[in-house]
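# Commentary on secondary and tertiary structure
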Amino acid sequence: MDITPKAVLKHVFGYEDFRGLQQQAIDFVMQGQDVLLLMPTGGGKSICYQIPSLCRPGMGLVISPLIALMDDQVAALRQVGINAGALHSELEPQEAASIRQDMVNGSLDLLYISPERLLSDDMLRFLKRIPLSLIAIDEAHCVSVWGHEFRPEYRLMTNLSSMFPNVPRIALTATADPTTRQDIVASLGMPNAHVLQASFHRTNLFIRALPKDGETKQLLTILQKHKDAACIIYCGSRNKAERVAAMLTGRGFTGLAYHAGLSALEKRAVLLRFRSGEPLIIVATVAFGMGIDRPDVRLVVHLDMPKGPEHYYQQIGRAGRDGDPAETVLLYGGEDIVKARYWLEQSNSDEEQKKIARSRLNTMIAFAETADCRTQILLRCFGEELHEPCGHCDNCKQPVSLMNGTVAAQKVLSAVYRTGQRFGALHIINVLKGKKSDNIENYQHDQLPLFGIGKDKPNQFWRAVIRQLMAKDALRQGVEHSNLFLNQEKALPLLKGNEQLYLREDIAQSITDKSPSYS
Ligand code: ADP
Ligand code: ZN
């Protein structure tokens, strides 16, 4: 019997048409070719490996990092009559044995497995005997040190192509910044993979960021508009999530905390209520994430600075999955950023990881402080250029008071250029402020004509200008040495005065030498 992908889509999954890049991705895999599929969460990645693995001879092997997610997928597939199974550490031995039995007799359609399980010698030997239709690597950004959820086990999957030659592979992720993308292709040894990238632009999300000015009061005002809806509030710590949930309950809302400190049973109870469709507010840490699938979330609020644009984008992406208008608000404040930096520096990750973490946090701060279209900045993080302002963010809708920061931008760009594009932000600021340091003296940068031309402004001001130049992509930062260098295409028009850099007046004026130092 010849089963086409389209027939499976209709008769097994009950959908009439493929969406977006699904058809293309499936066609390539059907032809036995490798694919890297970049699609935002909720875009419909799963059927891109589920369908070809049903249509091609052999069993589909799906590598996935999260047990809860695997179990959800397996349950959903079994409901539509597909024989799927998952092998992971929390499985009863009998069940594992029965899955293996099905694999041997060829009746298992799809096997979900964690990378640790997959990479044991025993499992690899066992799998060698099973004909495979494809290998799917879900959450493929976990392979990249540069990605935001690096998992060392993923690194060990480089040999899959030599172990299972002729089996097409499809890597899937919702993280698409260009560095991570290159890293995935290289690490998984898929140089010929077709890279398919969906747009990350969500036109039904209204994006706002507000400086904190009485967090609780601001939160309550925002919630007024969403009394009968499902909302998610993200907090930076478990304690805070508990506190905010209790505060909301005290004021007549249904506020439920969700974080990694809850027992499995408590978590399940919260998820059940969330999925039930009742209006409620989940007050959560990052632990509330994967597998969240409620289409009618109308509001996502961040009370603390997310770690980076990937987290932020994924979290706001949980609003408005049904395509109806939804709102997101980021409340940010200097104190929180100081705290975030403190924790980052205190953490016991190595210097390389810290560098990456700092750069992510800086991107988030630049995003918060920008006077430009927020969607444009966000999409740029995912390698996507939106040519017109979005029209659905606060800066597009209600332009803020601006001050012209072009001269300041020119000073920064010249200082970067004149010092050879080999130094980090601190050195550049020392040059502008006319502050002598060992490096300044060693390189004789105190002899430069522009030494000290930025004396009149506090350090924090220069930090903010540098962040904005990076957000505009006029300045870039070296991955290895954190040195700043120019992106000619965007920097030259600023240097020539053909383009202007605007800074938010509210922010520029609030910066004094006494501001909390969040750089
Ligand atoms: P992702 O893995 O990209 O986050 P999923 O694969 O979980 O997304 O799909 C998100 C939702 O979209 C699911 O509820 C899925 O059933 C639905 N979906 C996927 N493809 C289609 C389609 N072609 N038509 C309609 N709904 C679809
Ligand atoms: Zn906009």
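These lines cover the structure that appears in this document, whether it is placed above or below. (Residues numbered from 1 in each chain as written. Chains lettered and ligands numbered in written order. Predicted model: local features only at pLDDT ≥ 70, side-chain atom pairs only at ≥ 80, totals over all residues. Heavy atoms only, no water.)

By the secondary structure assignment, His-445 is in the loop between α21 (438–442) and α22 (459–471). Separated by 134 residues in sequence, His-445 and His-311 have C-alpha atoms that sit 39 Å apart. Non-local contacts of His-445, meaning those with residues more than four positions away in its chain, are made with Thr-419, Phe-423, His-427, Val-431, Ile-440 and Phe-451. Within the structure, His-445 has its side chain in polar contact with the side chain of His-427 (distance 2.7 Å). (Helix = DSSP H or I, 4+ residues; strand = E, 2+ residues; numbered from the N terminus. Contact = heavy atoms within 4.5 Å. Polar contact = N/O pair within 3.5 Å; in protein donor to acceptor, adjacent residues only side chain to side chain.)

One open sheet holds the six strands; their spatial order is β8-β13-β12-β9-β11-β10, and the pairing between them is parallel. The open sheet has two edge strands, β8 (205–211) and β10 (255–258), and neither has a second partner. Neighbour to neighbour, the strand axes of the sheet diverge by 15° on average, direction disregarded. Alignment of strand β12 (residues 297–302) against strand β13 (residues 326–332), held across four bridges, turns out to be parallel. Note on β13: the bridge partner recorded for His-302 is Leu-330. (Pairing = 2+ DSSP bridges. Axes fitted to C-alpha atoms, helices over the stretch in contact; angles between N-to-C directions.)

Ordered by their spatial adjacency, seven strands build an open sheet running β3-β4-β2-β5-β6-β1-β7, and the pairing between neighbours is parallel. The open sheet terminates on both sides in strands that have one partner only, identified here as β3 (84–87) and β7 (194–197). Between one strand axis and the next, the sheet turns by 20° as a mean value, whatever way the strands run. Contacts from helix α5 (residues 93–104) reach β2 (59–63), β3 and β4 (110–113) within the one sheet, and its direction differs from that of β3 by about 125°. Where helix α10 (residues 178–187) meets the sheet, its contacts fall on β1 (35–38), β6 (169–173) and β7, and the angle it forms with β1 comes to roughly 155°.

At a closest axis distance of 9 Å, the pairing of helix α19 (residues 406–418) and helix α23 (residues 488–495) adopts a crossing angle of 125°. Accordingly, the angle class assigned to the pair α19 and α23 is oblique. Like other packed secondary-structure pairs, α19 and α23 cross with a definite hand, here left-handed. Of the residues in α23, those touching α19 at Thr-406, Gln-410, Leu-413 and Ser-414 are Ala-491, Leu-494 and Leu-495. Residues belonging to the contact of α19 with α23 are distributed by class as follows: four nonpolar, three polar and no charged. (Parallel < 35°, antiparallel > 145°, perpendicular 65-115°, else oblique. Left-handed = near helix turned anticlockwise from the far one by under 90°. Nonpolar A, V, L, I, M, F, W, Y, C, P; charged D, E, K, R; others polar.)

As a structural note, the neighbourhood of ligand 1 is formed by 14 residues, with Tyr-15, Asp-17, Gly-42, Lys-45 and Ser-46 the closest of them. Asp-17 places a main-chain nitrogen or oxygen 2.9 Å from a nitrogen atom of ligand 1. Here ligand 1, which alone exposes 570 Å², has 72% of that area covered by the protein. Within the shell around ligand 1, the residues separate by chemical class into four nonpolar, six polar and four charged. (Near = heavy atom within 4 Å. Areas by Shrake-Rupley, 256 points an atom, 1.4 Å probe, with all protein chains shown as cover.)

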